[in-house]
Amino acid sequence: MEMETRPTKVGVLPCSGESEPEGTITRNAVRLVMEKYRPGLVVSLCLPLYLAGDGGERDFAKKVPVIAVDGCPKSCARLATEKYSGPVEASIDVRALLEQWGVTESLSRSHPGPIEDELAERVAREIVRLVDGLVEEGKVEVANV
Ligand code: SF4
């Protein structure tokens, strides 16, 4: 009988969100998770390439548990994953999260400043919470987190 091996990475897929300030926060938050908070544990991919039909990219959610992070309720990253790869383990709607946090400032998509940077950090910590939850549930094999 073939032994089932657990994945060693978590996939975090941000939307491309160029036209929305929350999209910029989304991308920056995912970059923070990959580079600062959980380097080596989290992998991502390019949403436009995924949508363009790259076969390798579309194996993504079949090989690793995926957390989709979207800037707004249109949920482009989550819907693309569900359509081309499979169900996501978790998803975040950054706009809804900011509303929940009571953020009322007007945000810039092209010139993020201290407010946007702080929000990207907070969103990154939310993503980390979900990543660690998958590890705790045993869905990912890691030596040390
Ligand atoms: S989820 Fe919203 S912000 Fe992100 S790419 Fe789609 S429309 Fe743009």
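Given the structure is predicted, the values throughout are model-derived calculations rather than measurements.

What counts as what
Residues numbered from 1 in each chain as written. Predicted model: local features only at pLDDT ≥ 70, side-chain atom pairs only at ≥ 80, totals over all residues. Heavy atoms only, no water. Near = heavy atom within 4 Å. 1 Å grid on protein atoms, 1.4 Å probe; cavity = no way out; pocket = protein on both sides within 12 Å on 5 of 7 lines; lining within 4 Å. Sits in = over half its atoms within 2 Å of the grid points. Nonpolar A, V, L, I, M, F, W, Y, C, P; charged D, E, K, R; others polar. Phe/Tyr/Trp six-rings, centres within 6.5 Å; stacked < 30°, edge-to-face > 60°. Helix = DSSP H or I, 4+ residues; strand = E, 2+ residues; numbered from the N terminus. Lys NZ or Arg CZ within 6 Å of the ring centre and 35° of its normal. Points joined across faces, edges and corners; volume = space filled by probe spheres on them. pLDDT = per-residue confidence, 0-100. Contact = heavy atoms within 4.5 Å. Pairing = 2+ DSSP bridges. Axes fitted to C-alpha atoms, helices over the stretch in contact; angles between N-to-C directions. Buried < 20%, exposed > 50% of the residue type's maximum accessible area, 1.4 Å probe, protein only. Right-handed = clockwise from strand over helix to strand, strands pointing away. Salt bridge = Lys/Arg side-chain N within 4 Å of Asp/Glu carboxyl O.

Q: Even after reading the chapter, I still don't get the site of the ligand, so can you show me in this structure?
A: Taken together, Cys 15, Ser 16, Gly 17, Glu 20, Asp 70, Gly 71, Cys 72, Lys 74, Ser 75 and Cys 76 make up the full set of residues near the ligand. Given that more than half its atoms are within 2 Å of the pocket grid, the ligand belongs to the largest pocket. Of the residues contributing to the shell around the ligand, the split by class is three nonpolar, four polar and three charged.

Q: Would you explain the packing of aromatic side chains in this entry?
A: The geometry of two aromatic rings is summed up by the distance between their centres and the angle between their planes. Tallying each qualifying case throughout the model produces one aromatic pair. Summarising the aromatic geometry, the rings of Tyr 50 and Tyr 84 are spaced 6.3 Å apart at their centres and angled 80° between planes, so their arrangement reads as edge-to-face. Remark: Tyr 84 occurs in helix α5 (residues 76-84) and Tyr 50 occurs in helix α2 (residues 47-52); sequence separation between them is 34 residues. Over the ring of Trp 101 we find Arg 122; its NZ or CZ atom is 4.0 Å from the centre of that ring.

Q: For this particular structure, what's the right way to read the layout of surface pockets?
A: Of the volumes computed, that of the largest pocket is approximately 190 Å³. The wall of the largest pocket is formed by 13 residues, among which Gly 17, Glu 20, Cys 72, Lys 74 and Cys 76 lie closest to the centre.

Q: Can you help me understand the confidence of the model for the protein in this one?
A: Any segment with low pLDDT has predicted coordinates that should not be analysed in fine detail. Confidence in the prediction for the protein averages 90 pLDDT; 95% of positions are at 70 or higher. Ranking the elements of the protein by mean pLDDT puts helix α3 (residues 55-58) last with 75 and strand β4 (residues 90-93) first with 98.

Q: Help me out: how do you make sense of the side chain of Glu 121 in this one?
A: Along the polypeptide, Glu 121 turns up in helix α7 (residues 114-136). The contacts of Glu 121, once residues within four sequence positions are left out, are Leu 32, Lys 36 and Tyr 37.

Q: Looking at this structure, how should I read the sheet that holds β4?
A: Either a parallel or an antiparallel arrangement is found when strands of a sheet pair, and the pairing is made through backbone hydrogen bonds. Taking strand neighbours across the sheet as the criterion, the four strands line up as β2-β1-β3-β4 in an open arrangement whose pairing is parallel. Looking at the sheet topology across the chains shown, the edges are occupied by β2 (42-43) and β4. Pairing analysis gives four bridges linking strand β1 (residues 10-14) to strand β3 (residues 66-70), with the strands arranged parallel. By the bridge assignment for β3, Pro 14 is matched with Val 69. Across the face of the sheet, helix α1 (residues 21-37) comes into contact with β1, β2 and β3 while running at roughly 160° to β1. Against the sheet, α7 touches β1, β2, β3 and β4, its axis set at about 165° to β3.

Q: Explanation requested: the pairing of β1 in the structure shown.
A: Looking down a regular strand, the side chains alternate between one sheet face and the other. Of all the five residues making up β1, five are buried; the element is thus mostly covered by neighbouring parts of the structure. Judged by which residues are buried, β1 turns out to be covered on both faces: Val 10, Val 12 and Pro 14 on one side and Gly 11 and Leu 13 on the other are all buried. Direction of pairing for β1 relative to β2: parallel, over a ladder of two bridges. In the strand pairing of β2, Gly 11 is matched with Val 43. With α1 bridging β1 and the parallel β2, this β-α-β connection has right-handed handedness.

Q: How should the pattern of salt bridges be read in this particular structure?
A: Pairs may arise between side chains of opposite charge once their charged atoms sit close together. For the structure shown, the criterion picks out 13 salt bridges. The residue Arg 78 makes a salt bridge to Glu 82 at a minimum N-O spacing of 3.1 Å. Placement of the pair is Arg 78 and Glu 82 together in helix α5, with a separation of four residues, close to one helical turn. A relative accessible area of 24% means that Arg 78 is categorised as partly exposed. Residue Arg 125 pairs with Glu 121 through a salt bridge whose shortest N-O separation is 3.9 Å. Of this pair, Arg 125 and Glu 121 both sit in helix α7, four residues apart, which is roughly one turn of the helix. Each member of the salt-bridge network shares a partner with another, and the members are Lys 36, Glu 118, Glu 121 and Arg 125.

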